[in-house]
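Working through the structure, step by step
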Amino acid sequence: MTKTSKGHISQFIEKYYLHFNAAALVDAAKGYEEQLNKGAKMLVSLAGAMSTAELGKIFAEMIRQDKVQIISCTGANLEEDIMNLVAHSHYKRVPNYRDLTPQEEWDLLEQGLNRVTDTCIPEEEAFRRLQTHIHKIWKDAEDNGERYFPHEFMYKMLLSGVLEEYYEIDLKDSWMYAAAEKNLPIIVPGWEDSTMGNIFASYVLKGELKASTMKSGIEYMTFLADWYTDNSENGIGFFQIGGGIAGDFPICVVPMLYQDMERTDTPFWSYFCQISDSTTSYGSYSGAVPNEKITWGKLDIDTPKYIIESDATIVAPLIFAYLLDM
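I will try to describe carefully the structure that is included in this document. What you see is a predicted model, and the numbers here were worked out from it, not measured in a lab.

Looking only at helices and strands, one finds 13 helices and nine strands in the chain. Computed over C-alpha atoms, the radius of gyration of the chain comes to 20 Å, within 12% of the 20 Å expected from 2.2 N^0.38 for 326 residues, which places it in the range of a compact globule. Expressed as lengths along the three principal axes of its C-alpha atoms, the size of the chain is roughly 50 × 50 × 40 Å. For the chain, the proportion of contacts with a sequence separation of at least 24, taken over those separated by at least 6, is 77%. Surface exposure of the chain reaches about 15,300 Å², of which carbon and sulfur atoms provide 50%. Computed over 28 positive and 48 negative side-chain charges, the separation of the two mean positions in the chain equals 3 Å.

The next point concerns the sheet that holds strand β7 (residues 236-241). Read from one edge to the other, the open sheet built from six strands follows the order β6-β2-β1-β7-β8-β9, with strand pairing classed as parallel. Taken across any chain shown, the strands that pair with only one partner, and hence form the sheet edges, are β6 (186-187) and β9 (305-308). In this structure, strand β8 (residues 271-275) lies alongside β9, joined through four bridges in parallel fashion. Across the sheet, residue C273 finds its bridge partner in β9, namely Y306.

It is worth spelling out the sheet that holds strand β5 (residues 119-122) at this point. Across the sheet, three strands lie side by side as β3-β5-β4; this open sheet has antiparallel pairing. Edge strands, defined here as strands with exactly one partner in the open sheet, are β3 (92-93) and β4 (113-116). In terms of strand pairing, β3 meets β5 through two bridges, oriented antiparallel. For R93, the partnering residue across the bridge sits in β5 and is T119.

Here the focus is the pairing of β4. Where β4 lies against β5, four bridges are found, and the strand directions are antiparallel. The partner of N114 across the bridge, within β5, is I121.

What follows concerns the packing of aromatic side chains. Applying the stated criterion across every chain, the model contains 19 aromatic pairs. For the pair Y271 and Y306, a centre-to-centre distance of 5.5 Å together with 45° between the ring planes defines the contact as tilted. Highlighted residues: Y271 in strand β8 and Y306 in strand β9, separated in sequence by 35 residues. For the pair Y271 and Y306, a shared accessibility class is recorded, and that class is buried. Site record: aromatic cluster; members linked through ring pairs are Y32, F59, W175, F239, Y271, Y306 and F320. Positioned above the aromatic ring of Y322, the side-chain terminus of K6 is 3.9 Å from the ring centre. A cation over a ring is seen here: K156 above Y148, with NZ or CZ 4.2 Å from the ring centre.

Taken as a whole, the largest pocket encloses approximately 460 Å³ of empty space. Considering only residue class, the lining of the largest pocket consists of five nonpolar, six polar and five charged.

Time to look at the environment of P250. For P250, the location among the structural elements is in helix α11 (residues 245-251). For P250, a relative accessible area of 0% translates into the label buried. Sequence separation between P250 and E104 is 146 residues, and the spatial gap between their C-alpha atoms is 39 Å. Residues contacting P250, with those up to four places away along its chain left out, are L43, S72, L224, F238, I245 and W269.

Let's shift gears to helix α6 (residues 123-143). Helix length check: α6 (21 residues) gives 28 Å between terminal C-alpha atoms against 30 Å at 1.5 Å per residue, within 8%. Of all bends in α6, the biggest is about 30°, found at T132. Every buried residue of α6 is listed here: A126, F127, R129, L130, Q131, H133, I134, H135, I137, W138, A141 and E142. One or two residues past the end of α6 sits G145, with phi positive at roughly 70°.

So, how was this worked out
- Residues numbered from 1 in each chain as written.
- Predicted model: local features only at pLDDT ≥ 70, side-chain atom pairs only at ≥ 80, totals over all residues.
- Heavy atoms only, no water.
- Helix = DSSP H or I, 4+ residues; strand = E, 2+ residues; numbered from the N terminus.
- Rg over C-alpha atoms; globule rule 2.2 N^0.38 Å.
- Contact = heavy atoms within 4.5 Å.
- Areas by Shrake-Rupley, 256 points an atom, 1.4 Å probe, with all protein chains shown as cover.
- Lys, Arg positive; Asp, Glu negative; His and termini not counted.
- Charge placed at Lys NZ, Arg CZ, Asp CG, Glu CD.
- Pairing = 2+ DSSP bridges.
- Phe/Tyr/Trp six-rings, centres within 6.5 Å; stacked < 30°, edge-to-face > 60°.
- Buried < 20%, exposed > 50% of the residue type's maximum accessible area, 1.4 Å probe, protein only.
- Lys NZ or Arg CZ within 6 Å of the ring centre and 35° of its normal.
- 1 Å grid on protein atoms, 1.4 Å probe; cavity = no way out; pocket = protein on both sides within 12 Å on 5 of 7 lines; lining within 4 Å.
- Points joined across faces, edges and corners; volume = space filled by probe spheres on them.
- Nonpolar A, V, L, I, M, F, W, Y, C, P; charged D, E, K, R; others polar.
- Expected span 1.5 Å × (residues − 1).
- Bend = angle between axes of the 7 residues up to and from the residue.

What is shown is where atoms sit, not what they do.
The structure is reproduced here in C-alpha cells:
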C-alpha cells in the first residue's frame, strides 16, 4: 500500500515515530502488513486485561476486515469483553488506585467490585449475569451428549440473542461478537483460571456438570496443530500482546509438530512481534528476545522479529490503526 492510502493516524506515526520503541512500532506494523499482503495468516495473542482495557473498540474492526485469522487469549480476555458488553455502565474507574489502603480495597470487595488496576468489574451485573445464561448452555450440551470448547460455548451464548436485553455498548465494539459472527478460531489455554472456568469447576464439584463437557487444553493444542498444518502454505505470523500462557501455549505448536510429530516439513512462524514491558532477566520467557525462540525451533533465522518494550494498551491500538489505514 502507498502512503497516500493511509489515514491521519498512520501518517502521524510514520512522520514522528522514527527511533527506539517508536521505530520498532512502525517496523512491526509494516511487517504485519507485508505478511497479510503476501497471503500469510496472522495469530494474535491477548494477555493481561486487554478486553477490560476495551481493546475491542478497534480489535473488532481488525477481525471484521480479516486482518487476524486466529486468536489465542486467556479465559479472562474471553469473558471480559462480553462482561463489558453487558455491564459497561456498572464499571467503576478508580484513577487513584495506587493510593488505596487495604481497607479501601476491602470496601470495593464488599460492594461487589473486583479491581483490575484502575477499573472495577461489577460482580453482580457482569459475572452473575453471564453465569445464569452460560450455565443453561453448558447443561443443555451435556444433556445432549455434546462437548465444546470454552469459546464455542461463548459463541453460542452471544449468537443466541439471550444477552441482547443487557447490551450497554455498541455491538460493533465487542471483539468477541465480531469473532462469533465469523466463527473465528480461538485458543484459550488455561481457561480454568478464569472466572467462568472457576464457576464451571464449582458445578463439577457440586455434581451438576461433568468436567468432560468442556473440551480440554490438550484438545485445544491438537486443534491448533491441525489448523496450523492446514493454513501454513503462505506462512502464519505471530503477534503477541503481553506475555504469559496466551503466547507461550500456541507458539509451541511448531516445535511440537516438527520435533514430536517428526513433521520436518512444518514451516516456522513467518513473523513474530511482541509488545511487552517484561525484561530479559531471571529466566523470564515473556521478556526473552525473539532470537531465543530460534533455539526452541519456533522461529527461523530469517523470520522477521520485533520487540516493542512498552505498554500494550498504548501500542496495540496504534498498530491496529496503521493496519486499518486510519
